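Next come the chains, spelled out residue by residue.
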Amino acid sequence: MNGTAVLQARGLGRKYGRRWALRDCTLDLPAGHVVGLVGPNGAGKTTLLKLAAGWLAPSSGGISVLGGSPAGGPAQLAKIGFVAQDTPVYPGLTVADHLRLGARLNPGWDAALARERIARLDLDPAHRAGKLSGGQRAQLALTLGLAKRPRLLLLDEPVAALDPLARREFLQTLMEAVAELDLSVVLSSHLVSDLERTCDHLIVLVDSRLQVAGEVDDLLATHHRLTGPRRDPGRLPAGQDVVSAHHTDRQSTIIVRTDTPILDPA
Amino acid sequence: MIWLTWRQFRDSAAMTSAALVPLAAVLALTGPGLASDYATGLASCAPADCVRFFDRFFEAHQGAFMAVTVVVLVVPGLVGLFWGAPLIARELESGTHLLVWNQSMTRTRWLAVKLTLTGLAAVSAAGLCSLMVTWWSAPLDRSATPGFALMDPAVFAARGIVPLGYAAFAFVLGVAMGTLMRRTLPAMAVTLAIFAALQVAMPLLIRPHLLPPVSAAFELDPANVGNFGVPPDGSPRVSVDQAVPGHPGAWVLSSRLIDPSGRPAETDAAGAAVQVSVTSGPCAPPEVPEAGRSLRVCLDEINRLGYRQAATYQPFERFWAFQWIETGIYAVLTLGLTGFCFWRVRRRVP
């Protein structure tokens, strides 16, 4: 399946009441990548992930995930892992109960993987999940998401509530798992710094619209920040698309997208 | 999923059992004694009038009778509040629905298993209570004083099969409110309000009309005359009871005195005025007082003049018909709410 799209969206949109949370999103995510989904709060990241997981139905357009319609039944659900925002777990159930839950509800459950991860994380199986720290809870939720052996793992702001150390550990274990398990990942965050070390593909959503999507290396190679004396962005050389422009009285900072080298550094 | 449902439910199941099992044990131990006391008492008073025995017997056990009746009345409501309302609302509140919905199982199946297992437990708990209490209190139900007979609203709702319908309905109502409010406490409050309102409205507004009530006129008789008095000035006053002669245990919906022309007799706080002479004739004070006899003679005279008790009532023989009809109504409401729960969880919730 490597090389083909894990997620295809065509004119995808979703409305809540009269407000569009996501609109006109056309997207192809190739398999085998760790995709960062960035954007400010309320930009539509969670909506896009929930559409991909099949929890929301699109208001317009279409989406297909791993070649199937999201929420197409248990088989489709088995292919997608989802770690929700704030990594919810059952506070009254123990760590072992959570693994049992996973084993009972997923035909493809990898019990050895789950046990091994819990042991490596040093979690006591008899511990109630409600008493775990935020970082441990996130790790438990990630373990559940990984041990069902999905082909695509979606993570919605998994580290937003974690302190910097737990954040690093979480992302590190995620990267190890990706390397071991051959799966595609979409990881959302409102902080680019969370994603810069982990993602090789980036989707930027702003104001419920898709701004940029592509390989991180390509994006870095083709996007430039130009700073110089104040000037009119309309007078830039041909082939340079302005992504954004800020001006002070004397200076302009312009971000452009271009395939050609920047000849005028001023 | 069955395991997870049980794992989430077992604490409240244990708590409920801890309350209901001792109750069942007490009822099982005392029931046979109660029944044999009743049989012995009945044998010793028959064939004469057993009213005094009934009154004594019922009064002796009235406290326990009230207590078990209240238990059966509140169990369905508690089930709706504490099992129904949190079932989905707690998941939505803590976000754990996002965890469980991402296992390889559709939401429909998730809800179906949760509703079926917990709902069956709810109906079983209420059914067990009701059947135990119905069995235990059978002698008391046969000797109950007016107001506590089987057809009277408070007792009707605590006997037979209607508590099963109430429990199923209250449970699904709680679940539905949980999917609607998404918060446990508001869901519990709304469930309680709706269920209580319906439990009050049912006997007041709906149950009397489930089958057309019987309307009839009855002669006055000690069985339906509550009070007979002669005020210092004016005509004697008769007040009629909520009882009809010849139909013990009937649920009397209305009862009033009508005069010989068929119009309602003029009524004030003391009762309905009867135009009969109290200075001479059968209703004059007797020269030799004789308990009971003078009243009966006077009532015969009033009957002869054409006064009657006009009553509408539901005869006691309809008890099981009403039980089945009402259970059926609640079953239909339960099915409707179940459909609503599935619709909410499949389409609207996330």
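Predicted, not measured: the structure shown is a model, and the values here were computed from it.

Here is what the cut-offs are and how they apply
- Residues numbered from 1 in each chain as written.
- Chains lettered and ligands numbered in written order.
- Predicted model: local features only at pLDDT ≥ 70, side-chain atom pairs only at ≥ 80, totals over all residues.
- Heavy atoms only, no water.
- Helix = DSSP H or I, 4+ residues; strand = E, 2+ residues; numbered from the N terminus.
- Rg over C-alpha atoms; globule rule 2.2 N^0.38 Å.
- Buried < 20%, exposed > 50% of the residue type's maximum accessible area, 1.4 Å probe, protein only.
- Contact = heavy atoms within 4.5 Å.
- Areas by Shrake-Rupley, 256 points an atom, 1.4 Å probe, with all protein chains shown as cover.
- Lys, Arg positive; Asp, Glu negative; His and termini not counted.
- Charge placed at Lys NZ, Arg CZ, Asp CG, Glu CD.
- Pairing = 2+ DSSP bridges.
- Axes fitted to C-alpha atoms, helices over the stretch in contact; angles between N-to-C directions.
- Buried area = accessible area lost by both parts, 1.4 Å probe.
- Salt bridge = Lys/Arg side-chain N within 4 Å of Asp/Glu carboxyl O.
- Polar contact = N/O pair within 3.5 Å; in protein donor to acceptor, adjacent residues only side chain to side chain.
- 1 Å grid on protein atoms, 1.4 Å probe; cavity = no way out; pocket = protein on both sides within 12 Å on 5 of 7 lines; lining within 4 Å.
- Points joined across faces, edges and corners; volume = space filled by probe spheres on them.
- Nonpolar A, V, L, I, M, F, W, Y, C, P; charged D, E, K, R; others polar.
- Phe/Tyr/Trp six-rings, centres within 6.5 Å; stacked < 30°, edge-to-face > 60°.
- Domains from an automatic or database assignment.
- Right-handed = clockwise from strand over helix to strand, strands pointing away.

## Focus: the overall build of chain B
- Within chain B, the regular secondary structure consists of eleven helices and seven strands.
- Taken over the C-alpha trace, chain B has a radius of gyration of 26 Å; the compact-globule value for 350 residues is 20 Å, which it surpasses by more than 25%.
- Dimensions of chain B, computed from C-alpha atoms along their principal axes, come out at roughly 90 × 45 × 30 Å.
- Burial status across chain B gives 46% buried among its 350 residues.
- Long-range pairs, those at least 24 residues apart, make up 77% of the contacts in chain B with a sequence separation of at least 6.
- Accessible surface computed for chain B: about 16600 Å², of which carbon and sulfur atoms make up 65%.
- Of the charged side chains in chain B, 25 are positive and 22 negative, and the gap between their average positions amounts to 21 Å.

## A look at the sheet that holds strand E7 (residues 184–189) of chain A
All names here are of chain A.
- Across the sheet, which stays open at both edges, the six strands sit in the order E5-E6-E7-E3-E8-E9 with mixed pairing between neighbours. With one partner strand each, in any of the chains shown, strand E5 (80–83) and strand E9 (209–215) form the two edges of the open sheet. The mean inter-strand angle of the sheet, taken between neighbouring strand axes irrespective of direction, is 15°.
- Sheet strands touched by helix H1 (residues 45–53): strand E3 (34–38), E5, strand E6 (152–156), E7 and strand E8 (201–206). Its angle to E6, the strand with the most contacts, is close to 150°.
- Contacts between helix H5 (residues 134–147) and the sheet are confined to E5 and E6, with E6 contributing the most and set at about 160° to the helix.

## A look at the interface of chain A and chain B
- In this complex, chain A contributes 28 residues to the contact, which on the side of chain B involves 20 residues.
- The junction of chain A with chain B conceals about 2300 Å² of combined surface from both sides, 63% of it contributed by carbon and sulfur atoms.
- Its largest share of buried area at the contact with chain B, chain A owes to Trp55, Tyr90 and Leu105 of chain A, together 33% of the area lost on that side.
- Along the contact surface separating chain A from chain B lie one salt bridge.
- The interface formed by chain A and chain B includes ten residue pairs in polar contact (both at pLDDT 80 or more).
- Of all elements in the fold, only helix H2 (74–79), E5 and helix H3 (95–105) of chain A reach the threshold of two or more residues within the side of chain A that touches chain B.

## Structural notes on empty space enclosed by the protein
- In this structure the tally under the stated criterion is five cavities of 30 Å³ or more.
- Quantified by volume, the second largest cavity comes out at close to 80 Å³.
- Lining the second largest cavity are Phe82, Val83, Ala84, Pro88, Ala141, Leu144, Gly145 and Lys148 of chain A together with Leu98, Leu99, Asn102 and Gln103 of chain B.
- For the lining of the second largest cavity, the secondary structure elements donating two or more residues are E5 and H5 of chain A together with helix H4 (96–100) of chain B.
- With three residues, the single largest contributor to the lining of the second largest cavity is H5 of chain A.
- Residue composition of the lining of the second largest cavity, by class: eight nonpolar, three polar and one charged.

## Looking at the environment of Ala213 of chain A
Residue and element names in this part refer to chain A.
- Checked against the element boundaries, Ala213 lands in strand E9.
- The class for Ala213 is partly exposed, based on a relative accessible area of 40%.
- Sequence-distant contacts of Ala213, that is, excluding residues within four places in its chain, are made with Leu27, Leu202 and Ile203.

## Here we look at the packing of aromatic side chains
Residues and elements named next belong to chain B.
- Per the counting criterion, the structure on display carries 20 aromatic pairs over all chains.
- A ring pair is formed by Tyr166 and Tyr330, whose centres lie 4.8 Å apart and whose planes are at 75°; its orientation type is edge-to-face. Of this pair, Tyr166 sits in helix H8 (residues 162–181) while Tyr330 sits in helix H11 (residues 319–348); the two residues are 164 residues apart in sequence, bridging distant segments of the chain. For the pair Tyr166 and Tyr330, one class covers both residues: buried.
- With a centroid separation of 6.3 Å and an interplanar angle of 25°, the aromatic rings of Phe316 and Phe319 are classed as stacked.

## A short note on the domain arrangement of chain B
Residue and element names in this part refer to chain B.
- Per the domain assignment, the segments making up chain B are domain 1 (2–212 + 317–348) and domain 2 (214–316).
- If you average the C-alpha positions of domain 1 and of domain 2, the two centres end up 40 Å apart.
- On the domain 2 side, the residues contacting the 13 residues of domain 1 number seven residues.
- Of the roughly 960 Å² buried at the junction of domain 1 and domain 2 (both faces included), carbon and sulfur atoms supply 62%.
- Counting across the interface, domain 1 meets domain 2 through zero salt bridges.

## Quick notes on the side chain of Asp110 of chain A
Residues and elements named next belong to chain A.
- In this structure, Asp110 sits in the loop between H3 and helix H4 (111–120).
- Within the structure, the side chain of Asp110 is placed 3.0 Å from the backbone nitrogen of Leu113, a separation counted as a polar contact.
- Excluding residues that lie within four positions of it along the chain, Asp110 makes contacts with Ala147 and Arg149.

## Considering unusual backbone geometry
Residues and elements named next belong to chain A.
- Positive phi, normally seen in glycine, also occurs at Asp122, with a value near 65°.
- Here Asp122 is to be found in the loop between H4 and H5.
- With a phi close to 45°, Glu157 is a non-glycine residue in the positive phi region.
- Inspection of the secondary structure puts Glu157 in the loop between E6 and helix H6 (164–181).

## With respect to the domain arrangement of chain A
- By domain assignment, chain A separates into domain 1 (5–219) and domain 2 (230–257).
- Computed over C-alpha atoms, the centres of domain 1 of chain A and domain 2 of chain A are 36 Å apart.

## Observations regarding the pairing of E6 of chain A
Residues and elements named next belong to chain A.
- Burial analysis of E6 places five of its five residues in the buried class, which makes it a mostly covered element.
- Burial along E6 is two-sided: Leu152, Leu154 and Asp156 and Leu153 and Leu155, pointing in opposite directions, are all buried.
- With four bridges joining them, E5 and E6 adopt parallel strand pairing. Counterpart to Val83 in the pairing with E6 is Leu155.
- Relative to E7, E6 is paired through five bridges, and the arrangement is parallel. Bridge assignment links Asp156 to a residue of E7, and that residue is Ser188.
- Since E6 and E7 lie parallel, the crossover through H6 that links them has a hand, and here it is right-handed.

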